[in-house]
Structure formats: structure tokens, C-alpha cells
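Chains, contacts and geometry: an overview
Below are the chains, spelled out letter by letter.
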Amino acid sequence: MSEQARILSEINKIIMNILKTGSASVEEADTIDELEALLHQQKCFKEIENSAYANQGEEIATLFFNEHYVEAIDKMCECEISPDDFFAFADYHYDDDHEDENLVEMFTNVFIAGVNEAYESKCKS
């Protein structure tokens, strides 16, 4: 499990507990803040200066959204972002409030399998 996956898993556990109990404790809120700070240090969340994108994950997602599949895979290789981390980023980042939220629907299981295969063949060779 990558560091990003571990952080997202911890955030998810806390959120599920908050939903179950109906409120967040001060400790849970503080822990979420700490985990989100760590999350924003991960490769997908790395900010890009002088760019139209807030971070590397958004740049890769936009390449996929605009059907620049090969360039997106190349960028994942260049940034050393695994498909698992990228798709976890997309799931976390593109929520109901994000303008591109509906575009992530293109990330079907078949699409993800194709990205995994392309990444393995291009980046692991």
C-alpha cells in the first residue's frame, strides 16, 4: 500500500466513523487536518507552478478527459504516479463540488484496466 493509499484509507475510516456517530470529535477533526496536510505532499497533489492545473493529478486527469491517453500515461511515468494512486486521487479530488466531477465517470473498470496495462508496459520496462 502506497503512502497516499494509506492516508486516504485513514481519512475514509475517520469519515465513516463520523457518519456513524453523527458528529466529529476534536481529535478526529485534528487528525483529518493532519492527514490532509500529508496527502497534499503526495505526488498527485504536488502543485505545479505557472500552470493551468493546481497539481499533477489534475494535469493527468485533464489529459485523459481530453483523450490524450498516451500523454497521460507518459506524464504518470514521468511523475512516478501509479494508476492506483492516480485513480484514488481522482476519486478523492473530483467530488460533487468540482466542475469536472462528471468527467470522472469515464474512469470505468475497463478504462482503469487499460491504464494499468499501458502503465505496466510503458513505465515498468
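Scroll up to find the structure this text is about.
Residue numbering note: each chain is counted from 1, following its sequence as written. Note on the predicted model: pLDDT of at least 70 is required for a residue's local features to be given, and 80 or more for side-chain atom pairs to be given and counted; whole-chain, interface and lining totals, by contrast, use all residues. Side-chain calculation: all heavy atoms of the structure are included, whereas hydrogens and water are not.

1. Some remarks on the overall build of the protein
The condition is simple: A run of H or I in DSSP becomes a helix once it reaches four residues, and a run of E becomes a strand once it reaches two; helices and strands are each numbered from the N terminus. The buried label applies to any residue whose accessible area, calculated with a 1.4 Å probe on protein chains only, is under 20% of its type's maximum; exposed applies above 50%, and partly exposed to all values in between.
Of regular secondary structure, the protein possesses 6 helices and 0 strands. Walking the protein from its N terminus toward its C terminus, one meets helices and strands in the order α-α-α-α-α-α. The principal-axis extents of the C-alpha atoms in the protein amount to approximately 45 × 30 × 30 Å. Looking at the 125 residues of the protein, the share that counts as buried comes to 36%.

2. Details of the packing of helix α1 (residues 3-21) against helix α5 (residues 83-93)
Operational definition: Each axis is a line fitted through C-alpha atoms, taken for helices only over the stretch in contact, and angles between the N-to-C directions span 0 to 180 degrees. Should an angle fall under 35 degrees it is called roughly parallel, over 145 degrees roughly antiparallel, and 65 to 115 degrees roughly perpendicular, with every other angle called oblique. Left-handed describes a crossing whose near helix is turned anticlockwise from the far helix by less than a right angle; the clockwise case is right-handed. Contacts: residue pairs with any heavy atoms within 4.5 Å of one another. Classes in brief: Ala, Val, Leu, Ile, Met, Phe, Trp, Tyr, Cys and Pro nonpolar; Asp, Glu, Lys and Arg charged; the others, Gly included, polar.
Contact geometry of α1 with α5 gives a least axis separation of 10 Å together with a crossing angle of 30 degrees. The angle between α1 and α5 falls in the class roughly parallel. Our pair here, α1 against α5, has a crossing hand that is left-handed. Where α1 approaches α5, its residues Gln4, Ala5, Leu8 and Ile11 are matched on the opposing element by Asp85, Ala88, Phe89 and Tyr92. Partitioning the contact of α1 with α5 into residue classes produces 6 nonpolar, 1 polar and 1 charged.

3. Brief notes about unusual backbone geometry
With the exception of glycine, the majority of residues adopt a negative phi angle, and the majority of peptide bonds are in the trans configuration. The phi angle at Asn50 is positive, at roughly 55 degrees, despite the residue not being glycine. Tracing the backbone through its elements, the reader meets Asn50 in the loop between α2 (26-39) and α3 (56-65). Even without being glycine, Glu67 reaches a positive phi, approximately 60 degrees. For Glu67, the location among the structural elements is in the loop between α3 and α4 (69-79).

4. Points about a nonpolar patch on the surface
Formally: Only residues whose relative accessible area exceeds 30% and that form no salt bridge enter a patch; like-charged residues are grouped when within 9 Å of one another, and nonpolar side chains (Val, Leu, Ile, Met, Phe, Trp, Tyr) when within 5 Å. To be clear on the numbers: accessible area is Shrake-Rupley with a 1.4 Å probe, and residue cover counts the displayed protein chains and nothing else. Every case where a carboxyl oxygen of Asp or Glu lies within 4 Å of a side-chain nitrogen of Lys or Arg is listed as a salt bridge.
A surface patch of nonpolar side chains, amounting to about 300 Å² of accessible area, comprises Ile15, Met16 and Leu19. Mapped onto the elements, Ile15 comes out in helix α1. The partly exposed category is assigned to Ile15, whose relative accessible area is 34%.

5. So, the side chain of Gln42
Along the chain, Gln42 falls in the loop between α2 and α3. Discounting chain neighbours no more than four positions away, the residues touching Gln42 are Glu3, Gln4 and Ile7.

6. Some details on the packing of aromatic side chains
The line we're drawing: Each Phe, Tyr or Trp ring (for Trp, its six-membered ring) is paired with any other whose centre lies within 6.5 Å, and the angle between the two planes then decides the class: stacked below 30 degrees, edge-to-face above 60, tilted in between.
Scanning the entire structure with this criterion turns up 16 aromatic pairs. With centroids separated by 5.7 Å and ring planes inclined at 20 degrees, the aromatic side chains of Phe65 and Phe107 adopt a geometry described as stacked. Note that Phe65 is positioned in helix α3 and Phe107 in the loop between α5 and α6 (109-123), a separation of 42 residues in sequence. A residue is classified by how much of its surface remains accessible, and Phe107, at 12% relative accessible area, is buried. Between Phe107 and Phe111 the ring centres are 5.4 Å apart and the planes differ by 35 degrees, which places this aromatic pair in the tilted class. Both residues of the pair, Phe107 and Phe111, belong to the buried class. Counting every residue linked through ring pairs, the aromatic cluster contains Phe45, Phe64, Phe65, Tyr69, Phe86, Phe87, Phe89, Tyr92, Tyr94, Phe107 and Phe111.

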